[in-house]
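Survey of secondary and tertiary structure
Next come the chains, spelled out residue by residue.
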Number of protein chains: 4
Amino acid sequence: MFFSNPFDDDKLREECGVFGVIGTAEAASFVALGLHALQHRGQEAGGIVTHAPGIGFNSDRRFGYIRDNFTSQDVIRNLPGPLAIGHVRYSTAGSKGNTQIRDVQPFFGEFSMGGAAIAHNGNITNAEELRRELIERGSIFQSSSDSECIIHLMARSLQKDIPERMKDALRRVEGAFSVVAMTRTKLIGVRDPLGVRPLVLGRLGEGWVLSSETCALDIIGAEFIREIEPGEMVVISEAEGVKSHFPFTRVPGRFCIFEHVYFSRPDSILGGRSVYETRRQIGVELARETPIEADLVCPVPDSGTPAAVGFAAESGIPFALGITRNQYMGRTFIEPTEQIRNMGVRLKLNVNRALVRGKRIILVDDSVVRGTTSRKIKEMILDAGAAEVHFRIASPPTAWPCFYGVDTPDRDKLLAARMSEDEMCDYLGVDSLKFISLDGLYRAVGEAEGRDPAAPRYCDACFSGEYPVKPVDMINRGFELKAAE
Amino acid sequence: MFFSNPFDDDKLREECGVFGVIGTAEAASFVALGLHALQHRGQEAGGIVTHAPGIGFNSDRRFGYIRDNFTSQDVIRNLPGPLAIGHVRYSTAGSKGNTQIRDVQPFFGEFSMGGAAIAHNGNITNAEELRRELIERGSIFQSSSDSECIIHLMARSLQKDIPERMKDALRRVEGAFSVVAMTRTKLIGVRDPLGVRPLVLGRLGEGWVLSSETCALDIIGAEFIREIEPGEMVVISEAEGVKSHFPFTRVPGRFCIFEHVYFSRPDSILGGRSVYETRRQIGVELARETPIEADLVCPVPDSGTPAAVGFAAESGIPFALGITRNQYMGRTFIEPTEQIRNMGVRLKLNVNRALVRGKRIILVDDSVVRGTTSRKIKEMILDAGAAEVHFRIASPPTAWPCFYGVDTPDRDKLLAARMSEDEMCDYLGVDSLKFISLDGLYRAVGEAEGRDPAAPRYCDACFSGEYPVKPVDMINRGFELKAAE
Amino acid sequence: MFFSNPFDDDKLREECGVFGVIGTAEAASFVALGLHALQHRGQEAGGIVTHAPGIGFNSDRRFGYIRDNFTSQDVIRNLPGPLAIGHVRYSTAGSKGNTQIRDVQPFFGEFSMGGAAIAHNGNITNAEELRRELIERGSIFQSSSDSECIIHLMARSLQKDIPERMKDALRRVEGAFSVVAMTRTKLIGVRDPLGVRPLVLGRLGEGWVLSSETCALDIIGAEFIREIEPGEMVVISEAEGVKSHFPFTRVPGRFCIFEHVYFSRPDSILGGRSVYETRRQIGVELARETPIEADLVCPVPDSGTPAAVGFAAESGIPFALGITRNQYMGRTFIEPTEQIRNMGVRLKLNVNRALVRGKRIILVDDSVVRGTTSRKIKEMILDAGAAEVHFRIASPPTAWPCFYGVDTPDRDKLLAARMSEDEMCDYLGVDSLKFISLDGLYRAVGEAEGRDPAAPRYCDACFSGEYPVKPVDMINRGFELKAAE
Amino acid sequence: MFFSNPFDDDKLREECGVFGVIGTAEAASFVALGLHALQHRGQEAGGIVTHAPGIGFNSDRRFGYIRDNFTSQDVIRNLPGPLAIGHVRYSTAGSKGNTQIRDVQPFFGEFSMGGAAIAHNGNITNAEELRRELIERGSIFQSSSDSECIIHLMARSLQKDIPERMKDALRRVEGAFSVVAMTRTKLIGVRDPLGVRPLVLGRLGEGWVLSSETCALDIIGAEFIREIEPGEMVVISEAEGVKSHFPFTRVPGRFCIFEHVYFSRPDSILGGRSVYETRRQIGVELARETPIEADLVCPVPDSGTPAAVGFAAESGIPFALGITRNQYMGRTFIEPTEQIRNMGVRLKLNVNRALVRGKRIILVDDSVVRGTTSRKIKEMILDAGAAEVHFRIASPPTAWPCFYGVDTPDRDKLLAARMSEDEMCDYLGVDSLKFISLDGLYRAVGEAEGRDPAAPRYCDACFSGEYPVKPVDMINRGFELKAAE
């Protein structure tokens, strides 16, 4: 019924963004703004939970964009109080079946010592095991979301306060998670031991903020204080400020390297550096590793732009916007006509024909997933009369699915899982196709020595097939890990 | 009730886009695609009229984006036939009162020899005079739109066929207009004698297309044939193809120069050249005319980007995306909270703090209208720690309102109508502010000698105050023309 | 797509109700209440036009019930002023094609001396002739409604004020009409020369009211003053009160007798008597004319109830509610399932099985139109175990369509046009079927002598085939009048 | 924000209706029809759950009427399978805070042996106690509905199949309940030991039906087999048909007597007799107990009609419809204007002025709750010129709230809790006010000897204050039982 735009289908997609505020009037309004700034991390639905003394908890969860659902006085008036958390989630429409509103976070649980709400970015790799066990013991699940396990584990804990119950629960959970949670008086943030997904702390006047990315601090004028550390839990109250805990065994971190490549917004700061600047540097490395003679360097809009700027600067070949994106494009259609379905990527992109005609074009894109869009873009460029088309990709071949909170196709749908670089070049029908090396990517994100195979600093499973947390549920379903070499 | 985003308020805006197709199955589907590609010319509402033999005329007009309203099978199924025209119109919400659906084009009239529908891009400068006269003689107006005059004038004509009636009507009309119209068997396109607004002809298989811009030919795979000439009427039928008429006194054309600067899409072709290339050239001229030492050249997204690319290339100063645009921003809100209202431009733009800190920044924007957004952007850049801010504007000072189909503030709201360049620089609080000269702009669009004051090749009234068509209605309402020098 | 309830399909239906108020604050609020009380006269759509000094005219027209559309502060706030008129119209969904919002009254026209709005109950029998002529002369029609002719005729009039232009227009119009209209300062009411459709005058404090029926005066607490006379025009202003005009040749009135039988609400007053009382009296006459032995007199809900009460009282047979109506039934469904479509009348009616089992039942209904519902009710009653079923009908056989503002099937769909009473009895499969005589009906409405064939006091064309106004458009389309005897 | 119609506020209201079907294709379609017939038992929201082999459970729950939500092919197509249950619930809007969709039944729970859904009519009087205990033990509640306890108690049961788990759960539950539930293969019906709320069994071809009332069997053409007995559980499967269980201690039944007076539909059968006939008999008893001289007996529409028919027959005073109900009235408004709010009961009822003028009127109503509507009706009747107004009430004074699934005001809002009959008569300002006696009511429902105070056959707590099940939660909240005499 829904027709998902093939262009968007051909990207890996972050599944969630989280945001929380304590210690400011009308906290929900700030959460709405923060989630708006994190909308790129999830467009399907959003939710906000607040607590106000004397009123209690309030909650609103809706399908669609934050700006359409959570900006009016009507909505915010029903979300009063100085403490609020929120969540945006990614659209699975068309690929995973229908989400229902009860699957939309934050989730709320009433415990004997009071209520708590949690919002979760990441993926629990043993959720199916946990769910079976909890049902056996009499828990009633209301959603199909893995994150609901955390609430039920908390309900079963014998601890007397909610942060301790949360520690109990999260110690049972495996996978990647950045959690923002709240009780009646506390805002809580946790990152999994490896710190796969991001989470940052900010200061807003007398209050405090937790956010997936720093760009959401900027929109509300909050000051960026620091990243929450891998394995850290912060418990923040108006009375006592920020208390730091480390409930898990401490291990070296493995932050998701794809946040640098594509997921995070270019104006966010990761590891002390602008994401834009890192991406530009990826372009510089890419130009060094894969030089080619050409007339123009064109980004595949919009995500390829910073790397294209870097590539152009390093190579000396002029940068140009050879492809224009239609700003009025949405992601899905309801039962479109045959004509419209056939348009595919043309609905979103158009080649600047007068510009590319007769030219040798370097196209810089962030990644190749299924390859379907890359093929169509190549056709459009050749139709417009380009003399040559060279693809330069700002990440290594994506050959493995992510199980840590990113929507990836099954392995057999990944072009790089089935083909060598040369085969991909043939398949796409371009004059050349080159990817940055994994070492090159590590260098661009600041590891001067490249990747240390014995102790890599990042989670790069989608490129290397080395999964830092064993994906138990997926293995139970038949997924095969990379054979040891 | 509605809160218009201040960022968008601070631009001149094209008021309409038109598109028509004849000689292909499911013409409405192509018109929907064409209008989607022209959505930048009008986002408030859209409409399509079709004709099918044996069924007659069908019409659908709706508020909102084309992609949300005109892509489903349900809608297109009710718009059958090989002949269709469509229209997108700009949102006046907040500035001009409420549009009603009856104001949305195409307009339809039933004449004794059959029906006709018309869609109009431009503005009729004597519409109020005509309206008074028509009411006096017994016409009943249904809309508040000036374009409805054309239908009533056609109804009153004594000519026996519809194209002739249209000539009668358009000879009475003054101003700027590109009209796409249809009868049961004919597609008709007309440009006013000066050709102020664009209109192009394309070929789609055995059929023909009329469109405001060439980018809308690309989306449906139509071939760009030529621009309709100023003062030309083309009457296209399946049987006889394209017939060209020149119903008006022939005078030299005065195409709108602002189409080059901002209105048209960068991937359209105007005057035989890519609009992107022209804008890049404006940036080159601007760098030559207004050089400055700095660390980075940053576009104000997205419209300033091509000129910034040109400026950077000419000046040798690195190009960088110092400001990030939120892609999930809509234009208006319904009763937003105070917090959200105060965010203003931050809802849409964020400075890349880590990138600009300590740098001397050149910001390249396409125009300064009220100056409100420019001030806010400057504040954001300085907040982020930039050392210096220099504005470079890719058009001359906008000191006069447009009466030819562009939404402009009243003259007293235009910053350049009230201040000199130095005063504007002080008012904006930037280190320097420079505009391209009118001659520089003419050079960039291809007039090597600059502007010929005796016979300018373009309509540049918004910069020069020289109105090529007398704005009769506005003068009746008290508007004062520029004093003769 | 829509599935009209077969039960409702099998009734004649009034097509409109009109209401107007002058001289009270928030006039629109009173009009909304009045239209709510007149909702039985038209359920498809409603509209209100108001005028406020210094603000001008405002209008709102919507599909659906008044109570859903016109009761909120939001809506009424946008309809300010002391002068307002309104209209409800009947749903033609499924039978006549789709109505569009532009077909919903009141209609508005801007004349050189100011605007006017009109709302019309009835039908113009020469509308097609008039429309052709007006288009020939250059009028542009916006709706498919016949009533729009009146506005165009007014626009063409050479008279200098609006009431005079309305007289000019209505003198050209043939058929049945009760019009409520307004200018900036005047409320106007007109009935056609025969007074076929009702219109009454009421007093509301210092203000005045016009309404189709008196029940709508009651709801707003207005006092019933008098009926507007056939052929009368009243022009009401705050300054001068009610002025009476008689613009047409004066002829004896022919009020619609079916208003007594079915259309008007039982709590309205017609001809000085409660409609309920008249209907009860019809039941009394019916019992006298068509006696039968039985156990229970049951009404077909709800319209048959008053006549059943009268029949029971006159015959001495106990009255009982043998059929229960589901109060939550709407009129139409969108694409219902097969199961639901097959339910037909059972969705709305259920027989009280325990009550009717083994009994001889007299069913009293107001009319038989197609006979489809009567058949189904008979089946339900027999299924429930009734011993005998006798139909008694509170009107003569409906053998002719109405062309004066009532929705009737084509003549060949009317059961009584194709069958004698005995044949109908066989067709329905009941033990007996009897109709009141035309004389009996005249006696019940107060004509002690019955119907005077030389000069009948009512329009009874649907029974007699004698049309008091020649249905010109219908004759042009091929309708054959009853042969002279 | 919502303005509840005062007329409807002044009734006791049934809170739910339940319906289930097994053994027929497209079971959901039959459930939708059944719920439509039970809509009088709950208008706020409805829900349907189905199970289809190979597909699993599907669920849809929506606010609003069944006919608007559950009749289209789109909706029913998503509810496939031969087994379905459904629920309608009463609107608490305005009186009890906002219901959310998660509070709408049927509720669903996933157990280790498979899923189950339940729908519940009645009220659990120890729900708060149970809820506290369950939360203490780690259950997470998702709704504010008491009925959710049943699902959690089932989840905690150690029994191996779902019917046994349901027995476990229901043995912990106190109060009044008629439950319809389903597993993947079984339809289950249960009535509490006293059988306070109704539940009947029907046969539909090869399948079986459970329904709150027989009228819902009629609509789908099902045959009425028998009432489920107090304390009975029926487990129905396609393979084994109906199996009867009696899981509770067996005690004499106490069916709700108010179902006879008002809640059930008149065309349903209760205790072997038509509800209409019982109500008529109440009118007969009432006329015998409280005779008076008058001109007309008028029902307060629509619920007073059968008793008024009986009263008129017994007293010999003519029956007449002196009050007309507006059929287009809904129950609530969103922010109505002041005018509309002031209309109150006039929006729904109008007196037939011409009929009642100068007459002595007996008004027959089913009950007096707050008395607010009775006062307004009296005023309307006197305004219309009635000479005398006598109220006759078809139930004893309602002096105690119901805790068994009926929405009643707090005790201090009940007129009869604060006043004697004479005081009520003064308060209402009528010429006389009489209620049927409790013995008279028992006689009318078939107990020839009247009420046996030692062992009453019905629950009549709302009249007598004698609660057959101790309302534990309410007592914990401070409710005081009637003092022992």
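A quick note: this is a predicted structure, and the numbers were derived from the prediction, not measured.

This part takes up the overall build of chain A. Counting secondary structure elements, chain A contains 19 helices and 27 strands. A compact globule built from 485 residues should have a C-alpha radius of gyration of about 23 Å, and chain A, at 23 Å, falls within 12% of that. Along the first, second and third principal axes, the C-alpha atoms of chain A reach 70 × 55 × 40 Å. Expressed as a percentage of its 485 residues, the buried residues of chain A come to 66%. Carbon together with sulfur atoms contributes 46% to the accessible area of chain A, which is approximately 16800 Å² in total. Across chain A, 57 positive and 65 negative side-chain charges occur, with their mean positions spaced 2 Å apart.

Residues and elements named next belong to chain B. One can describe the packing of helix α6 (residues 148–156) onto helix α7 (residues 162–172) by two numbers: an axis separation of 8 Å at closest approach and a directional angle of 120°. As far as their axial angle goes, α7 and α6 are oblique. Between α6 and α7 the crossing geometry is right-handed. Here α6 contributes Ile150, Leu153, Met154 and Ala155 to the contact with α7, which in turn contributes Ile162, Arg165, Met166, Ala169, Leu170 and Arg172.

In total, this model carries 61 aromatic pairs over all chains according to the counting rule given. Consider the rings of Phe258(D) and Tyr262(D), whose centres lie 6.4 Å apart with planes at 70°: the pair is edge-to-face. Residue Phe258(D) and its partner Tyr262(D) are both found in helix α9 (residues 258–263); the two are separated by four residues, about one turn of the helix. Exposure remark for Tyr262(D): the relative accessible area of 21% places this residue in the partly exposed category. One aromatic cluster is present, formed by Trp400(A), Phe403(A), Tyr404(A), Tyr467(A) and Phe479(A) through successive ring pairs. Over the aromatic face of Trp208(A) sits the side chain of Arg203(A), whose NZ or CZ is 3.8 Å from the ring centroid. The side chain of Arg411(D) reaches across the aromatic face of Trp400(D), ending 3.5 Å from its centre.

Take the sheet that holds strand β5 (residues 56–63) of chain D next. Residues and elements named next belong to chain D. One open sheet accounts for seven strands, arranged β5-β4-β6-β3-β12-β11-β13; its pairing is antiparallel. Looking at which strands have only one partner, the edges of the open sheet turn out to be β5 and β13 (223–227). Along the sheet, successive strands turn relative to each other by an average axial angle of 15°, direction set aside. Inspection of the sheet shows strand β4 (residues 45–52) paired to β5 by eight bridges, in the antiparallel sense.

Here we come to the pattern of salt bridges. All names here are of chain B. Overall, the coordinates contain 100 salt bridges over all chains when judged by the stated rule. For Arg137, the salt bridge goes to Glu133, with nearest N and O atoms at 3.5 Å. Assessed through its relative accessible area of 27%, Glu133 is described here as partly exposed.

Time to look at the interface of chain B and chain C. Taken together, the contacts link 17 residues of chain B with 17 residues of chain C. Roughly 1500 Å² of surface becomes buried between chain B and chain C when both sides are summed, with 54% attributable to carbon and sulfur atoms. The largest share of the area that chain B buries against chain C comes from Ile135(B), Ile140(B) and Gln142(B), three residues that together contribute 33% of it. Put simply, chain B and chain C have zero residue pairs in polar contact (both at pLDDT 80 or more) between them. For the side of chain B that touches chain C, the elements supplying multiple residues, two or more each, are β7 (107–111), α5 (127–136) and α6 of chain B. At five residues, α6(B) tops the list of elements feeding residues into the side of chain B that touches chain C. Among the residues making up the side of chain B that touches chain C, the classes are represented as six nonpolar, six polar and five charged.

With that out of the way, let us pick up the UniProt feature "binding site: [4Fe-4S] cluster" (unreviewed entry) in chain A. Residue and element names in this part refer to chain A. UniProt records the feature "binding site: [4Fe-4S] cluster" (unreviewed entry) for Cys256, Cys402, Cys459 and Cys462 in the present numbering. In summary, the annotated positions, though distributed over 207 residues, converge in three dimensions, the widest C-alpha pair being only 10.1 Å. Among the secondary structure elements, Cys402 is positioned in the loop between β24 (388–393) and β25 (406–407). Of the residues examined, Cys402 reaches a relative accessible area of 15% and is grouped as buried. Mapped onto the elements of the fold, Cys462 is located in helix α18 (residues 461–464). When near neighbours in sequence (up to four residues on either side) are disregarded, Cys462 contacts Phe258, Pro397, Thr398, Ala399 and Trp400.

For the rest of this paragraph, the subject is the environment of Leu83(B). All names here are of chain B. Among the structural elements, Leu83 can be located in strand β6 (residues 83–89). Owing to a relative accessible area of 3%, Leu83 belongs among the buried residues under this scheme. Put simply, Leu83 and Ala239 are 156 residues apart on the chain and 13 Å apart in space, counted from C-alpha to C-alpha. Beyond its immediate chain neighbours, meaning those up to four positions away, Leu83 contacts Val21, Ile22, Ala27, Val49, Thr50, His51, Met182, Thr183, Arg184, Thr185, Lys186 and Leu187.

Moving on to the confidence of the model for chain A. Residue and element names in this part refer to chain A. With 95% of its residues at a pLDDT of 70 or more, chain A has an overall mean of 92. Across residues 1–7, confidence stays below pLDDT 50; counting only partners more than four residues off in sequence or on other chains, it has 28 contacts. In the predicted structure, residues 92–97 sits below a pLDDT of 50 and forms six contacts with residues beyond four places in sequence or in another chain. Listed scores for the predicted complex are pTM 0.88 and ipTM 0.91.

On the surface, a cluster of negative charge is contributed by Glu421(A), Asp422(A), Glu423(A) and Asp426(A). Within the element layout of this structure, Glu421(A) appears in helix α16 (residues 421–428).

This part is about the relation of the copies chain B and chain C. The transform that puts chain B on chain C rotates by 179° and translates by 0.0 Å along the axis, for an RMSD of 0.0 Å. The two molecules are tied by a two-fold rotation axis, judged by turn and shift. Distance from the rotation axis, computed per C-alpha, reaches its smallest value in chain B at Ser139(B): 3.0 Å. Interface overlap between copies is the fraction of interface residues in one copy that are interface residues in the other; for chain B against chain C it reaches 100%, indicating a shared surface.

On to the interface of chain B and chain A. The interface of chain B with chain A comprises 59 residues on the first partner and 59 residues on the second. In this assembly, chain B and chain A are joined by 26 residue pairs in polar contact (both at pLDDT 80 or more). Sort the elements by how many residues they give to the side of chain B that touches chain A and helix α2 (residues 27–37) of chain B lands first, with five residues. By residue class, the composition of the side of chain B that touches chain A is 28 nonpolar, 19 polar and 12 charged.

Residues and elements named next belong to chain A. On domain assignment, one finds that chain A holds domain 1 (13–254) and domain 2 (274–448). For domain 1 versus domain 2, the distance between C-alpha centres works out to 34 Å. Tallying the contact residues gives 14 residues for domain 1 and six residues for domain 2. Here domain 1 and domain 2 share an interface that buries about 900 Å² over both sides, 45% of which is from carbon and sulfur atoms. When the area that domain 1 buries against domain 2 is broken down by residue, the three leading residues are Arg13, Glu15 and Arg197, summing to 37%. Counting the contacts that link domain 1 with domain 2 gives zero salt bridges.

All names here are of chain B. At a closest axis distance of 10 Å, the pairing of α5 and α6 adopts a crossing angle of 45°. With respect to their mutual orientation, α5 and α6 come out oblique. Two packed elements cross with a definite hand, and for α5 against α6 that hand is left-handed. On α6, the residues touching Ala127, Leu130, Arg131 and Leu134 of α5 are Cys149, His152, Leu153 and Arg156. When the residues that make up the contact of α5 with α6 are grouped by side-chain class, the tally is five nonpolar, one polar and two charged.

Reading guide: rules and limits
- Residues numbered from 1 in each chain as written.
- Chains lettered and ligands numbered in written order.
- Predicted model: local features only at pLDDT ≥ 70, side-chain atom pairs only at ≥ 80, totals over all residues.
- Heavy atoms only, no water.
- Helix = DSSP H or I, 4+ residues; strand = E, 2+ residues; numbered from the N terminus.
- Rg over C-alpha atoms; globule rule 2.2 N^0.38 Å.
- Buried < 20%, exposed > 50% of the residue type's maximum accessible area, 1.4 Å probe, protein only.
- Areas by Shrake-Rupley, 256 points an atom, 1.4 Å probe, with all protein chains shown as cover.
- Lys, Arg positive; Asp, Glu negative; His and termini not counted.
- Charge placed at Lys NZ, Arg CZ, Asp CG, Glu CD.
- Axes fitted to C-alpha atoms, helices over the stretch in contact; angles between N-to-C directions.
- Parallel < 35°, antiparallel > 145°, perpendicular 65-115°, else oblique.
- Left-handed = near helix turned anticlockwise from the far one by under 90°.
- Contact = heavy atoms within 4.5 Å.
- Phe/Tyr/Trp six-rings, centres within 6.5 Å; stacked < 30°, edge-to-face > 60°.
- Lys NZ or Arg CZ within 6 Å of the ring centre and 35° of its normal.
- Pairing = 2+ DSSP bridges.
- Salt bridge = Lys/Arg side-chain N within 4 Å of Asp/Glu carboxyl O.
- Buried area = accessible area lost by both parts, 1.4 Å probe.
- Polar contact = N/O pair within 3.5 Å; in protein donor to acceptor, adjacent residues only side chain to side chain.
- Nonpolar A, V, L, I, M, F, W, Y, C, P; charged D, E, K, R; others polar.
- UniProt positions renumbered as here; feature names shortened; annotations may be inferred.
- pLDDT = per-residue confidence, 0-100.
- Patch = residues over 30% accessible without salt bridge, like charges linked within 9 Å, V, L, I, M, F, W, Y side chains within 5 Å.
- Least-squares fit on C-alpha atoms with pLDDT ≥ 70 in both.
- Domains from an automatic or database assignment.

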